[in-house]
Structure formats: C-alpha cells, structure tokens
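Coordinate analysis (summary)
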Amino acid sequence: MHTVQSINGTMPHTLKRGEGRSLRPVRGTTRIDKSAKLAIAVARAVFVAALLSTALLAAGSAAGADGGLTLAGNTLSAVTWVPRSATTSGGGALSRFMLQAYLRQDGSALIRIWDPARNAYTRPVERNWTLSGRRLCLDLPAPGPGRVCAEVHSWGPRIAGVGTAPYVMLDGDLKPGNTLFGTR
C-alpha cells in the first residue's frame, strides 16, 4: 500500500496495489486518463445508425406512398383477436384465432383456422380477401369470427394492424408463395 497526497492538498489517500496508475494531475484536480477513442467510435456508430434508420424510413414511406403494400402471392400466418361472442365459452373480452391464408392475385384465398377442439388446423377453404389502401379484409371460415378488417402495416415479413368496425387486432408474418402445405 502506498500513501499519496492528493493534488488539491486535502487528506492523503491510501491506495491499494495497482490503483492510481492511470491518474494524472489536470489543473488542480485528479482525473482518470482515458482516451476519447471509445467515445468517438460510439458517437460515429450512433450517427451511422441514425442515418441508416432515416434512409430506411424514407424508403419505406416512398414505397408505401401509393399504398404499395403487396400481399398477393404470399401466405399470411397470423393471430387475430376479436370481441368474444356471448355464446363462446371461456373468460376475457377477446377471442383469439390463429389463421393461415394463401392470398391469391384474383382476390381469392385458401384459408385455414386453428381449431382448438381438434388441436389442428381446419381443411383449407376458398374465401375472399381484399386490400384497399392499407385496409385488409379477410373472410374467415368457421370456427373463425367471419369477416375481419384491419388497417395493416408491414415491415419486412411482419404485418400487424387494428380494425374498429368490428374491433379486431391482427399480428403475423408473410412468406412468399403458398406455404400452407409445406413440410416440417
């Protein structure tokens, strides 16, 4: 152990072995001598990240300016939450439905719903879907809730949205092509 007098003349401090090696006097104070390289590197990384995110947002808004959301030719795998009907068993205000839908160019879709009673998806059935601007509507078969519509937003493979007449929440992803019958 070493005893050192502090720079500003106050009480002496006892340092353990290895302490104080990076201390140097700076205008009457004691300061840790650290390089600014790390701070500069972090600042550059933050700046580059900000530029990149701004560029991506600008590109995304430019692509969506004409309602450029393209769903046709993709399989939508999603969860929807809708108000629970009075005849539906269970608790809570919302019912959850899992679905998969292959959305065709002509406005038709192959759609299947998860049936919790059978612990399996239903057989795919032909139904309709529409996309007007950002408003996606799907006609879901039983045991689903019927027609649901939501204002959706998509980023990468993710898609999510909310509708108000009737209330619905949708959260899922999109995969190119028909993946309803894919192998696991």
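All values derive from a computational prediction rather than experimental measurement.

1. A short note on the state of the cysteines
Following the criterion strictly, the structure yields one disulfide and no others. Note that C137 is cross-linked by a disulfide to C149, the S-S spacing being 2.1 Å. In this structure, the disulfide formed by C137 and C149 twists by about 115° around the S-S bond and is classed as right-handed. Placement of C137 in strand β10 (residues 135-139) and of C149 in strand β11 (residues 147-155) is noted, with a sequence separation of 12 residues between them.

2. Considering the side chain of S108
Tracing the chain through its elements places S108 in strand β7 (residues 108-115). Among the polar contacts listed, one links the side chain of S108 to the side chain of D106, at a separation of 2.6 Å. Excluding residues within four positions of it along the chain, S108 makes contact with Y102, L103, E126, R127, N128 and W129.

3. Concerning the pattern of salt bridges
According to the stated counting rule, one finds four salt bridges in the structure shown. Here D115 makes a salt bridge to R118, at a shortest N to O gap of 3.5 Å. Note that R147 and D139 form a salt bridge whose closest N and O atoms lie 2.8 Å from each other.

4. Focus on a nonpolar patch on the surface
A contiguous nonpolar patch, built from L94, V162 and Y167 and spanning about 220 Å² of accessible area, is present on the exposed surface. For V162, the location among the structural elements is in strand β12 (residues 158-164). By relative accessible area, V162 is classed as partly exposed at 40%.

5. Things to note about the side chain of N74
When you line up the elements, N74 lands in strand β5 (residues 74-83). Given a relative accessible area of 14%, N74 falls into the buried group. Ignoring any residue separated from it by four or fewer positions in sequence, one finds N74 in contact with A101, Y102, L103, L174, K175, P176 and G177.

6. Quick notes on the confidence of the model for the protein chain
When pLDDT is averaged along the protein chain, the result is 76; 60% of the residues meet or exceed 70. Low confidence marks residues 58-66, where pLDDT is under 50. Its contacts with residues over four positions away, or in another chain, come to two contacts.

7. Quick look at the packing of aromatic side chains
In this structure the tally under the stated criterion is one aromatic pair. Centre to centre, the rings of W114 and Y121 are 5.1 Å apart; their planes meet at 85°, and the pair counts as edge-to-face. Residue Y121 is classed as partly exposed on the basis of its relative accessible area, which comes to 21%. Just above the ring of Y121 sits the side chain of R112; from NZ or CZ to the centre is 4.5 Å.

What counts and how
- Residues numbered from 1 in each chain as written.
- Predicted model: local features only at pLDDT ≥ 70, side-chain atom pairs only at ≥ 80, totals over all residues.
- Heavy atoms only, no water.
- Disulfide = S-S within 2.5 Å.
- Helix = DSSP H or I, 4+ residues; strand = E, 2+ residues; numbered from the N terminus.
- Polar contact = N/O pair within 3.5 Å; in protein donor to acceptor, adjacent residues only side chain to side chain.
- Contact = heavy atoms within 4.5 Å.
- Salt bridge = Lys/Arg side-chain N within 4 Å of Asp/Glu carboxyl O.
- Patch = residues over 30% accessible without salt bridge, like charges linked within 9 Å, V, L, I, M, F, W, Y side chains within 5 Å.
- Areas by Shrake-Rupley, 256 points an atom, 1.4 Å probe, with all protein chains shown as cover.
- Buried < 20%, exposed > 50% of the residue type's maximum accessible area, 1.4 Å probe, protein only.
- pLDDT = per-residue confidence, 0-100.
- Phe/Tyr/Trp six-rings, centres within 6.5 Å; stacked < 30°, edge-to-face > 60°.
- Lys NZ or Arg CZ within 6 Å of the ring centre and 35° of its normal.

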